[in-house]
Amino acid sequence: MTGDKTMSMAGTDLFELSRGVLDVASKKVSLIEDITRRTKMLAMNALIEAARAGDAGRGFAVVANEVSEISTQVNSITKELRSEIVARVDHLTTTGSAMVQEMHGKRLADLSLNMIEIIDRNLYERSCDVRWWATDSAVVDCAADPTEEARRHASRRLGVILESYTVYLDLWIADRNGNVIANGRPDRYPGARGANVSDEPWFRQALATRNGGEFTVGDVARNRSLDDRVVATYATAIRRDGEADGDAIGVLGIFFDWEPQAAAVVEGVRLEAGEREKSRCLLLDARHRVIASSDGRGLLTEAVPLRRTVGTMGHYIDDKNRLVGYALTPGYETYKGLGWYGVIIQER
């Protein structure tokens, strides 16, 4: 990152230097042109005086003619010099500008990759949590035999977990029919217990997992039973006796409090001084839908027409003349990622 920043600064310096060279060269060429005009004028005056002197001025006339010819040649060379300097400095400026854009674009892509890697590491932990907690004896017993006592015990156990894992809004136990039979915060979310989630993709996919090592992730979305908060839902099957290869007897769903966690990532991007007010840092899902934005706009309602130029990360100038850097999730450990992107859009 530091190297890219240094190269970007070097490119900016080259750009400024080339413009400075053009300014200095133009001024000096103008001075030479002024001197040649004055020299030519003196030569013309000398020729006039030589003509008045008659035979006595013939030798002086030869010198005056030669001076006039030299002035003409110098003027011609000066014009060529000005043209060549402008062309070469323009080329240098264009090259320097392209280098600055390339380095700056690469830096935005690197920052985008850093964003998505941070969120991936965070979500990897969520995938570990759901698979671990699904084997908790209170959770397993509740799914196996959902008596009122078993439900209360499981609810208390989930509540203890939530006291330590503050990044979650709630944890739900659902039976095989999708009925929520216990949750960790019944006082805060009384509408959770008794809800039916059988139509939710995360529930169906979790119930269909082949073993305890598998899990599923729902799209980042609002959950009406959780005060319409935006959540990332992780789920896995609860298996008989807590065994990895046991029959699926229910589903554990855990609801990651998405907005504050994602906001910390997009707002914490290490931009240079003066960049933040003209930059928009985003997390996009696989459909390029905004799931986090440093300016707070477009959450779950805006789709960014991301243009993947080459590979899994890169940069480009969009149709609004903004510099866009992006990076596709690489995943983390056993978490393969969800096809999400880190993106930075910056006004030029």
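What you are looking at is a predicted structure, and each value in this text was computed from that prediction instead of being measured.

Asks: Explain the nonpolar core to me, please; I cannot follow it from the model alone.
Replies: Within the largest apolar cluster, 50 residues are counted, with the highest numbers of intra-cluster contacts made by Ile173, Trp258 and Leu283. Take this core: its biggest share by element is nine residues, from helix 2 (residues 58-133). For this core, the two domains that each supply at least three residues are domain 2 (135-261) and domain 3 (270-347). Ignoring any residue separated from it by four or fewer positions in sequence, one finds Leu283 in contact with Met115, Ile116, Ile119, Trp258, Ala262, Val266, Arg289, Val290, Ile291, Ala292, Tyr341 and Gly342.

Asks: Looking at this structure, how should I read a negative patch on the surface?
Replies: Taken together, the side chains of Asp141, Asp145, Asp241, Glu243, Asp245 and Asp247 define an acidic patch exposed on the protein surface. Along the polypeptide, Asp241 turns up in the loop between strand 5 (229-239) and strand 6 (248-257). Overall, Asp241 belongs to the exposed group, its relative accessible area being 63%.

Asks: Please clarify how helix 3 (residues 137-144) should be interpreted in this entry.
Replies: Side chains three or four residues apart in an α-helix point the same way, a direct result of the helix having 3.6 residues per turn. Where helix 3 is concerned, the buried positions are Ala138, Val139, Val140, Cys142 and Ala143. Sitting at the amino-terminal end of helix 3 is Asp136, which places a side-chain oxygen 2.9 Å from the backbone nitrogen of Ala138.

Asks: Explain the pattern of salt bridges to me, please; I cannot follow it from the model alone.
Replies: Opposite charge on two side chains makes pairing possible when the charged atoms of those side chains draw close. Tallied over the entire structure, the rule returns 19 salt bridges. Between Glu149 and Arg156 there is a salt bridge, with the nearest N and O atoms lying 3.6 Å from each other. Residue class for Arg156 comes out partly exposed when judged on its relative accessible area of 47%. With a closest N to O distance of 2.7 Å, Arg297 and Asp295 form a salt bridge. Here Asp295 falls in the partly exposed class, since its relative accessible area comes to 34%. In this structure, a network of salt bridges that share partners links the residues Glu148, Glu149, Arg152, Arg156 and Arg193.

Asks: Looking at this model, I keep getting lost on the packing of aromatic side chains. Mind explaining?
Replies: By the definition in use, this model includes 10 aromatic pairs. Plain terms: the ring middles of Tyr168 and Phe256 are 6.3 Å apart, the flat faces sit at 70° to each other, and that makes the pair edge-to-face. Taken together, the residues Tyr168 in strand 1 (residues 168-175) and Phe256 in strand 6 connect sequence positions 88 residues apart. As far as burial versus exposure is concerned, Tyr168 and Phe256 are alike and both buried. Aromatic pair Phe256 and Trp258: ring centres 6.3 Å apart, planes at 70°, arrangement edge-to-face. Grouping residues by exposure puts Phe256 and Trp258 together as buried.

The rules behind these values
Residues numbered from 1 in each chain as written. Predicted model: local features only at pLDDT ≥ 70, side-chain atom pairs only at ≥ 80, totals over all residues. Heavy atoms only, no water. Core = buried A, V, L, I, M, F, W, Y, C linked by side-chain atoms within 4.5 Å. Buried < 20%, exposed > 50% of the residue type's maximum accessible area, 1.4 Å probe, protein only. Helix = DSSP H or I, 4+ residues; strand = E, 2+ residues; numbered from the N terminus. Domains from an automatic or database assignment. Contact = heavy atoms within 4.5 Å. Patch = residues over 30% accessible without salt bridge, like charges linked within 9 Å, V, L, I, M, F, W, Y side chains within 5 Å. Areas by Shrake-Rupley, 256 points an atom, 1.4 Å probe, with all protein chains shown as cover. Salt bridge = Lys/Arg side-chain N within 4 Å of Asp/Glu carboxyl O. Lys, Arg positive; Asp, Glu negative; His and termini not counted. Charge placed at Lys NZ, Arg CZ, Asp CG, Glu CD. Polar contact = N/O pair within 3.5 Å; in protein donor to acceptor, adjacent residues only side chain to side chain. Phe/Tyr/Trp six-rings, centres within 6.5 Å; stacked < 30°, edge-to-face > 60°.

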